[in-house]
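The lines below spell out each chain.
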Amino acid sequence: MQSESARVTTAREAGYRIQYPNSKTRSVKVIALDPASAKLVDEISQEPWNGARFFTALSFSADGEPGATGAGLQAWLQDIAGRTMSLVEEIASSDFVVVVTSAGEDARAVSVIADACALHHKSLVALVAPGEGASDADVSASMAHLRPFARMLVIAHAPDYISAMLTALRA
Amino acid sequence: MLKKEQNDFLCQTDPGTPMGDMFRCYWMPALLSEELPEPDCPPVRVKLLGERLLAFRDSEGKLGLIDEFCAHRGVSLWFARNEDCGLRCPYHGWKFDVTGQCVDVPSEPKESGYAQKVKLKSYPLIEKGGVLWTYMGPPERQPPEPMFEFCTVPLNQTFSSKRIQECNWLQAMEGGIDSSHVSWLHRGDLANDPLFKGAAGNRYNLGDMSPVFEIVENDGGLLIGARRNAEDDQYYWRITPWVMPCYTGVPPRGDHPIHGHFWVPIDDHSCWAWSYDYHPTRPLTDSEVQAMKDGKGIHVRYVPGTYRPLANKDNDYLMDRAAQKAGRTFSGIEGIGMQDASLQESMGPICDRTKENLVGTDNGIIMARHRLMRAAKALREKGVIPPGVDPAHHQVRQAALLLPRDVHYKEGAKEALVAKKGVRQASV
Ligand code: FES
Ligand SMILES: [Fe+2]
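Residues numbered from 1 in each chain as written. Chains lettered and ligands numbered in written order. Predicted model: local features only at pLDDT ≥ 70, side-chain atom pairs only at ≥ 80, totals over all residues. Heavy atoms only, no water.

**Concerning the overall build of chain B**
No. 1: Tallying secondary structure elements over chain B gives eleven helices and 19 strands in all.
No. 2: Judged by the C-alpha coordinates and their principal axes, chain B covers about 80 × 50 × 45 Å.
No. 3: A total of 428 residues make up chain B; the buried ones form 61% of that total.
No. 4: Long-range contacts, defined here as pairs at least 24 residues apart, represent 61% of the contacts in chain B between residues at least 6 apart.
No. 5: When the accessible surface of chain B is totalled, it reaches about 16900 Å², and 53% of it is carbon and sulfur.
No. 6: Averaging the positions of the 51 positive and the 56 negative side-chain charges in chain B gives two centres separated by 2 Å. (Helix = DSSP H or I, 4+ residues; strand = E, 2+ residues; numbered from the N terminus. Buried < 20%, exposed > 50% of the residue type's maximum accessible area, 1.4 Å probe, protein only. Contact = heavy atoms within 4.5 Å. Areas by Shrake-Rupley, 256 points an atom, 1.4 Å probe, with all protein chains shown as cover. Lys, Arg positive; Asp, Glu negative; His and termini not counted. Charge placed at Lys NZ, Arg CZ, Asp CG, Glu CD.)

Written as structure tokens, this is what we have:
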């Protein structure tokens, strides 16, 4: 047969892949929305990453008018070293954003983060880490809160899931 | 992406490998009932999890799945005569029953007891829902029978087919939970396929090409919810269940039969893609069954006399560039089953996941791999029976429904996600 595919007969040939990198390092920003998840994110940040950066929204404050969007949007993040960073700038320089919350905790910061993501056209993944003793109602409440804002919402019971996911995403 | 060691860990299912041990905890589809239609019919060669086996139905109708090769000098018992409650090897006449026990060695006096000393490896084979199931693990761990709804409804309500797929099981199974491909690869078929078209819910699919996803764990595996905006402050949800390790369900459409797959490793480079279609509350109609036999829906047409698809890699899957250009099919390949199979086979015999670039919406796949790895490790290190073995985990149903926007589908669709006898599927 003349077709190229017919020549790809051995498993070795069919499995051939060119050995050049097919992507560049991404800039992933991981933001903890509450104190419990901040602890988790802090631990994860100790692992070796391909440039992923980790923040908490602990000192989160939306300056200016509440609900401000577009150029009026001002809010602050704290990085792992305790430095205060501009949310909008961090998001502007990211490829995508991951927010993490513990079930039942205050996750309101997500709305401002989502505004910033929308402003800069970045996609937002939200992870709920139920933590020990979280009730179904807590999980549902967190999900209801995050639902309007994330393209992908994940409930991750396994304690090591967040780092597994970041690894899978080459963060 | 996965590291090479992780990829090998997940893809290899031969005896003694961690995933191989895990697969050997479950009942798995091995053959269609139609392959062994009657007592003393021809035996069938079966390869599963890297083991070459032979299935047969003896004179009394008993089913056996045994080592393919004769214990005497190693010829394939596929050549054997199936007669008088056993397979007799045509070479020197040794005979084996459905348990693999040698029952006759003609060269030795019966009284010597020689035959009793010889036994081929065998596995239980049971018939359920038109499918012959086997369990290839240690006998002391044999679980209760499978209870997937498609194999427990009356036979006139269910139809299963299988096709050989020339790639590793994992990339095939991942296609079953990769909800984000449906709007692309299969977009032409929603409106045209007799087993899909006409459902009220289809307009939500076609109206919104970028669904939003929510992934939640359940006892046996995962639920992957894809939602699209619907009227009246509701979402249209399509919920795909995955039961570990390799059962996936496609969310239903209208009153069409419900379908899904089992992805069973043959060896590391090939798998059986099983496709089931059933209706919980009514017999399948003649035209539905005919459509399934004609390769519509998720089924395929075959090279006559085989379970190899008629469109296969040797003929470039009958690629139709004109149909692709005109948009009748998105990929140029006809039929949902072959659209999936062609692309999954193109990934190579074992997909090199060190090179992939996943995105956030691939979390269903990421989490499935993560759960598989954890479960295989827990089994190996602590003897923990993996999720999906318990028949209660099989009684999950795929669903397509409208829910208010603030409702978590695991709660809002609680009833809909459970298989209940005599209760119609939740579907729009
Ligand atoms: S676009 Fe997903 S595999 Fe190519
Ligand atoms: Fe598909």
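The rest of the description comes next.
**A closer look at the environment of Val264 of chain B**
Residues and elements named next belong to chain B.
No. 1: Counting through the fold element by element, Val264 comes out in strand β17 (residues 258-267).
No. 2: For Val264, a relative accessible area of 0% gives the class buried.
No. 3: Leave out the neighbours within four places in its chain, and Val264 touches Met28, Pro29, Leu48, Cys271, Trp272 and Trp274.

**Some details on the interface of chain B and chain A**
No. 1: Listed per partner, the contact involves 41 residues of chain B and 41 residues of chain A.
No. 2: Between chain B and chain A, roughly 3200 Å² of surface is buried when both sides are summed, and carbon and sulfur atoms account for 50% of that area.
No. 3: In this structure, the salt-bridge partner of Glu214 of chain B is Arg147 of chain A, at a minimum N-O distance of 2.5 Å.
No. 4: For the side of chain B that touches chain A, the secondary structure elements donating two or more residues are β13 (212-218), β15 (234-243) and α10 (363-382) of chain B.
No. 5: Looking at side-chain class alone, the side of chain B that touches chain A contains 15 nonpolar, twelve polar and 14 charged residues. (Buried area = accessible area lost by both parts, 1.4 Å probe. Salt bridge = Lys/Arg side-chain N within 4 Å of Asp/Glu carboxyl O. Nonpolar A, V, L, I, M, F, W, Y, C, P; charged D, E, K, R; others polar.)

**Looking at helix α3 (residues 169-177) of chain B**
Residues and elements named next belong to chain B.
No. 1: Of all nine residues in α3, nine are buried; the element is thus mostly enclosed.
No. 2: Looking only at α3, the buried set comprises Trp169, Leu170, Gln171, Ala172, Met173, Glu174, Gly175, Gly176 and Ile177.
No. 3: By the N-cap criterion, in which a side-chain oxygen at the helix start approaches the backbone nitrogen of a residue two or three places on, α3 is capped by Asn168, the distance to Leu170 being 3.0 Å. (Polar contact = N/O pair within 3.5 Å; in protein donor to acceptor, adjacent residues only side chain to side chain.)

**Considerations on the packing of α3 of chain B against α10 of chain B**
Residue and element names in this part refer to chain B.
No. 1: Remark: α3 packs on α10, axes separated minimally by 9 Å, with the N-to-C direction vectors making an angle of 130 degrees. Classified by the angle between their axes, α3 and α10 sit oblique to one another. As α3 packs across α10, the resulting crossing turns out to be right-handed. Of the residues in α10, those touching α3 at Trp169, Leu170, Met173, Glu174 and Ile177 are Gly364, Ile365, Ala368, Arg369 and Leu372. (Axes fitted to C-alpha atoms, helices over the stretch in contact; angles between N-to-C directions. Parallel < 35°, antiparallel > 145°, perpendicular 65-115°, else oblique. Left-handed = near helix turned anticlockwise from the far one by under 90°.)

**A short note on the side chain of Thr329 of chain B**
Residues and elements named next belong to chain B.
No. 1: Summarising the element assignment, Thr329 is placed in the loop between α8 (321-326) and α9 (336-346).
No. 2: Within the local environment of Thr329, its side chain forms a polar contact with the backbone nitrogen of Gly332, the two atoms lying 3.0 Å apart.
No. 3: Ignoring anything within four residues of it in the chain, the contact list for Thr329 reads Ala323, Gln324, Glu334 and Gln339.

**Brief notes about the packing of aromatic side chains**
Residue and element names in this part refer to chain B.
No. 1: Per the counting criterion, the structure on display carries 23 aromatic pairs over all chains.
No. 2: Both rings, one in Phe150 and one in Tyr276, keep their centres 4.4 Å apart while their planes meet at 5 degrees; by these two values the pair is stacked. Placement of Phe150 in the loop between β11 (131-135) and β12 (158-165) and of Tyr276 in strand β18 (residues 270-278) is noted, with a sequence separation of 126 residues between them. Assigned by exposure class, Phe150 and Tyr276 land together as buried. (Phe/Tyr/Trp six-rings, centres within 6.5 Å; stacked < 30°, edge-to-face > 60°.)

**Section: the sheet that holds strand β9 (residues 122-123) of chain B**
Residues and elements named next belong to chain B.
No. 1: Taken together, the four strands give an open sheet; going across it, the order is β2-β3-β4-β9, and neighbouring strands pair in antiparallel fashion. The sheet is open, and its two borders are formed by β2 (44-48) and β9, each paired with just one other strand.
No. 2: Pairing of β2 with strand β3 (residues 51-57) involves five bridges; the strand directions are antiparallel. Bridge pairing links Leu48 to Glu51 in β3. (Pairing = 2+ DSSP bridges.)

**Here's the deal with the coordination of the iron ion (ligand 2)**
Residues and elements named next belong to chain B.
No. 1: His181 (NE2), His186 (NE2), Asp340 (OD) and Asp340 (OD) make up the full set of protein donors to the iron ion (ligand 2), lying at 2.1 to 2.3 Å.
No. 2: Classification of the site at the iron ion (ligand 2) rests on its four donor atoms, whose angles at the metal span 58 to 149 degrees, yielding the label irregular.
No. 3: All donors of the iron ion (ligand 2) belong to a single chain; written as a sequence motif, their spacing is H-x4-H-x153-D. Of this pair, His186 sits in the loop between α4 (182-185) and α5 (187-192) while Asp340 sits in helix α9, and the two are 154 residues apart along the sequence.
No. 4: A residue is classified by how much of its surface remains accessible, and His186, at 7% relative accessible area, is buried. (Donors = N, O, S within 2.8 Å, 3.2 Å for Na, K, Ca; no water. Tetrahedral: all angles 85-135°; square planar, octahedral: opposite > 155°, others 65-115°.)

**Section: a nonpolar patch on the surface**
All names here are of chain A.
No. 1: A surface patch of nonpolar side chains, about 390 Å² in accessible area, is lined by Tyr16, Ile18 and Tyr20.
No. 2: Mapped onto the fold, Tyr20 is located in the loop between α2 (11-14) and β1 (28-32).
No. 3: Given the relative accessible area of 59%, Tyr20 is considered exposed. (Patch = residues over 30% accessible without salt bridge, like charges linked within 9 Å, V, L, I, M, F, W, Y side chains within 5 Å.)

**Observations concerning the sheet that holds β11 of chain B**
Residue and element names in this part refer to chain B.
No. 1: Spatial strand order, β1-β11-β10: three strands in an open sheet with antiparallel pairing. Looking at strand neighbours, the two that pair on one side only are β1 (27-32) and β10 (125-128), the edges of this open sheet. On average, each strand axis in the sheet is inclined to that of its neighbour by 40 degrees, with strand direction left out of account.
No. 2: Relative to β11, β1 is paired through five bridges, and the arrangement is antiparallel. Pairing of Leu32 across the sheet is with Val131, part of β11.

**As for α10 of chain B**
Residues and elements named next belong to chain B.
No. 1: The first and last C-alpha atoms of α10 sit 27 Å apart over 20 residues, in line with the 28 Å expected at 1.5 Å per residue.
No. 2: Judged by how many residues are buried, α10 sits mostly within the fold: 14 of 20 residues are covered.
No. 3: Gly383 sits one or two residues past α10 and shows a positive phi near 70 degrees. (Expected span 1.5 Å × (residues − 1).)

**A look at the environment of Gly74 of chain B**
Residues and elements named next belong to chain B.
No. 1: Within the secondary structure, Gly74 sits in the loop between β4 (63-67) and β5 (81-82).
No. 2: Here Gly74 falls in the partly exposed class, since its relative accessible area comes to 38%.
No. 3: Each C-alpha atom of the pair Gly74 and Ser180 lies 48 Å from the other, and the pair is 106 residues apart in sequence.

**Some words on the packing of helix α7 (residues 161-168) of chain A against α10 of chain B**
No. 1: Viewed as axis vectors pointing N to C, α7 of chain A and α10 of chain B meet at an angle of 120 degrees, and their least axial separation amounts to 10 Å. Viewed along their axes, α7 of chain A and α10 of chain B adopt a mutual orientation that is oblique. The handedness of the crossing between α7 of chain A and α10 of chain B is right-handed. Residues Tyr161, Ala164, Met165 and Ala168 of chain A of α7 of chain A lie in contact with α10 of chain B, whose contacting residues are Asn363, Ile366, Met367 and His370 of chain B.
No. 2: Of the residues assigned to the contact of α7 of chain A with α10 of chain B, the class counts are six nonpolar, two polar and no charged.

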